[in-house]
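Here is what each chain is made of, one letter per residue.
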Amino acid sequence: MQDILDITIKEEVSRCLLCYDAPCSKACPAANRPDKFIRALYFQNKRGAAKLMLDANLLSGICAQSCAEHAYCQGACIRKKIDKPVNIPLIQQYLSQLVEQMEYLPEKNETVGKNVIIFGGNTAGLAAAVYLQQQGIAVTIYHFKTPQIEQNINLASLRRADSKYMQQAYNLVNKFGIEFKQITMNEIDNIANDDIDACIIASKEYSKWLQKNDKNMASFVTGELLTGPDNDAFAVKKGRQTAQAVCKYLLGREEVV
Ligand code: SF4
């Protein structure tokens, strides 16, 4: 089975035209770089390809799954002018499997002594957390315990949270040093905010806490909250944009790097 997959991936990679200024990468809202990881695969560098994929987006495994049917990168692929576009989500899913067997994590800056809490562990919240952690800001994500989730989030979201690719994303984010804490709705008011420099509301389930505490702390809301469920590539973008606003507020600049 793995051999067949390897052959399929090789065939897809060999169809890539290795474009300069690649339209596939330009089209991705989440700033994934398919041109880079496909190029590495083209030269048989599987681990290098997986690293490049993670460097661009630690949550690329989520994008690979959720973008499968409407991938912006694939839609922009120039190869379609000859026959059909390169199946980029399939290549990304293949690399995501490889990531599970690797210990690699992208680099991050030294800590800057700031703490941010994020309410909501969906894609936008995770993307914001990853961005802040890369800038040296300590992040804790709060999310509801399962019974509470059942009351507040539809079953599709629950199934998604339990899915293999979301679990892989949670593991990666956790390994990256981001703390997850499960809470109930009642416990939400007990969260001490003395040491917290800012909070991000990345799920509307948590807006109650924002309403009660926004006088004491800088609060930021991801676009996901404002527009409802979106696709994951845009959720990554919105999460990062929110984190950039937090960086600007806390550090006076959007990026430390
Ligand atoms: S646009 Fe298509 S052909 Fe060009 S680099 Fe991207 S995947 Fe390859």
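Rules used in this analysis
- Counting restarts for each chain: residues are numbered from 1 in the order of the written sequence.
- Thresholds applied to this predicted model are a pLDDT of at least 70 for local features of residues and 80 or more for the giving and counting of side-chain atom pairs; totals over whole chains, interfaces and linings are not thresholded and use all residues.
- Excluded from the side-chain calculations are hydrogens and water; all other atoms, namely the structure's heavy atoms, are used.
- Cavities and pockets are defined on a 1 Å grid built over the protein atoms alone: a cavity is a set of grid points where a 1.4 Å probe fits but cannot escape, while a pocket is an open set with protein on both sides within 12 Å along at least five of seven lines, and lining residues are those with an atom within 4 Å of any such point.
- Grid points are joined across faces, edges and corners, and a volume is the space filled by probe spheres set on the points.
- Here a strand is any run of E in DSSP of at least two residues, a helix any run of H or I of at least four, and the numbering for each starts at the N terminus.
- Residue polarity is assigned by list, with Asp, Glu, Lys and Arg as charged and Ala, Val, Leu, Ile, Met, Phe, Trp, Tyr, Cys and Pro as nonpolar; anything else, Gly included, falls into the polar class.
- Throughout, the term near means that a residue has one or more heavy atoms lying within 4 Å of the molecule or strand in question.
- The rule for placing a molecule in a cavity or pocket is simple: more than half of its atoms must lie within 2 Å of the grid points.
- Note on classification: 1.4 Å probe, protein chains only; a residue is buried when its accessible area is under 20% of the maximum for its type, exposed when over 50%, partly exposed between these limits.
- Two strands qualify as a pair provided that DSSP identifies no fewer than 2 bridges between them.
- Nitrogen and oxygen atoms within 3.5 Å of one another constitute a polar contact, given that in protein one can donate a hydrogen and the other can accept it, and given that sequence-neighbouring residues count only through two side-chain atoms.
- The contact criterion used throughout is that any non-hydrogen atoms of two residues lie within 4.5 Å.
- Between N-to-C directions, angles span 0 to 180 degrees; the directions come from axes that are lines fitted to C-alpha atoms, helices contributing only their stretch in contact.
- In these notes the angle categories are as follows: under 35 degrees is roughly parallel, over 145 is roughly antiparallel, 65 to 115 is roughly perpendicular, and the rest is oblique.
- If you view the pair so one helix is near and one far, a crossing is left-handed when the near helix is turned anticlockwise from the far one by less than a right angle, and right-handed when it is turned clockwise.

Q: Tell me what's going on with empty space enclosed by the protein, and back it up with residues and numbers.
A: On inspection of all chains with the given rule, the structure shows three cavities of 30 Å³ or more. Put simply, the largest cavity is a space of about 100 Å³. If you go around the largest cavity, you meet 15 residues; those closest to its centre are Cys16, Leu17, Cys19, Cys24 and Cys77. For the lining of the largest cavity, the secondary structure elements donating two or more residues are helix 2 (23-27) and helix 3 (34-42). Taken together, the residues that form the lining of the largest cavity break down as twelve nonpolar, no polar and three charged.

Q: Outline the site of the ligand, listing residues and values.
A: In the vicinity of the ligand, the contacting residues are Cys16, Leu17, Cys19, Ala22, Pro23, Cys24, Ile38, Cys77, Ile78, Val86 and Ile88. Spatially, the ligand is embedded in the largest cavity. Residues of the shell around the ligand, tallied by class, amount to eleven nonpolar, no polar and no charged.

Q: Would you mind going over the pairing of strand 4 (residues 198-201) in detail, with residue names and values included?
A: Across a regular strand the side chains alternate sides, sitting on one face of the sheet and then on the other. Neither face of strand 4 is left uncovered, since the one carrying Ala198 and Ile200 and the one carrying Cys199 and Ile201 both have all their residues buried. Of the pairings in the sheet, the one linking strand 1 (residues 115-119) to strand 4 comprises four bridges and is parallel in character. Each residue of the ladder has a partner; that of Ile118, found in strand 4, is Ile200.

Q: Give me the lowdown on the side chain of Arg15, citing residues and values where you can.
A: Within the secondary structure, Arg15 sits in helix 1 (residues 2-15). Using a relative accessible area of 13% as the deciding quantity, one classes Arg15 as buried. There is a polar contact of 3.0 Å between the side chain of Arg15 and the side chain of Glu12. Among the polar contacts made by the side chain of Arg15, one reaches the main-chain carbonyl oxygen of Pro85 at a distance of 3.4 Å. When near neighbours in sequence (up to four residues on either side) are disregarded, Arg15 contacts Arg79, Asp83, Lys84, Pro85, Val86 and Asn87.

Q: I'd like to hear about the packing of helix 3 against helix 4 (residues 46-56), residue by residue, with values.
A: Between helix 3 and helix 4, the shortest axis-to-axis distance is 7 Å and the interhelical angle comes to 175°. Considered as vectors, helix 3 and helix 4 are oriented roughly antiparallel to each other. On helix 4, the residues touching Lys36, Phe37, Ala40 and Leu41 of helix 3 are Lys46, Gly48, Ala49, Leu52 and Met53.

Q: Explain the packing of helix 8 (residues 123-134) against helix 14 (residues 232-251) to me, using residue names and the numbers behind them.
A: Contact geometry of helix 8 with helix 14 gives a least axis separation of 7 Å together with a crossing angle of 45°. Our classification of the angle between helix 8 and helix 14 gives oblique. Seen along the crossing, helix 8 lies across helix 14 with a hand that is right-handed. Note on element contacts: helix 14 touches helix 8 through Asp232, Ala235, Val236, Gly239, Arg240, Ala243, Gln244, Val246 and Cys247, opposite Thr123, Ala124, Ala127, Ala128, Tyr131 and Leu132. Across the contact of helix 8 with helix 14, the residue classes tally to ten nonpolar, three polar and two charged.

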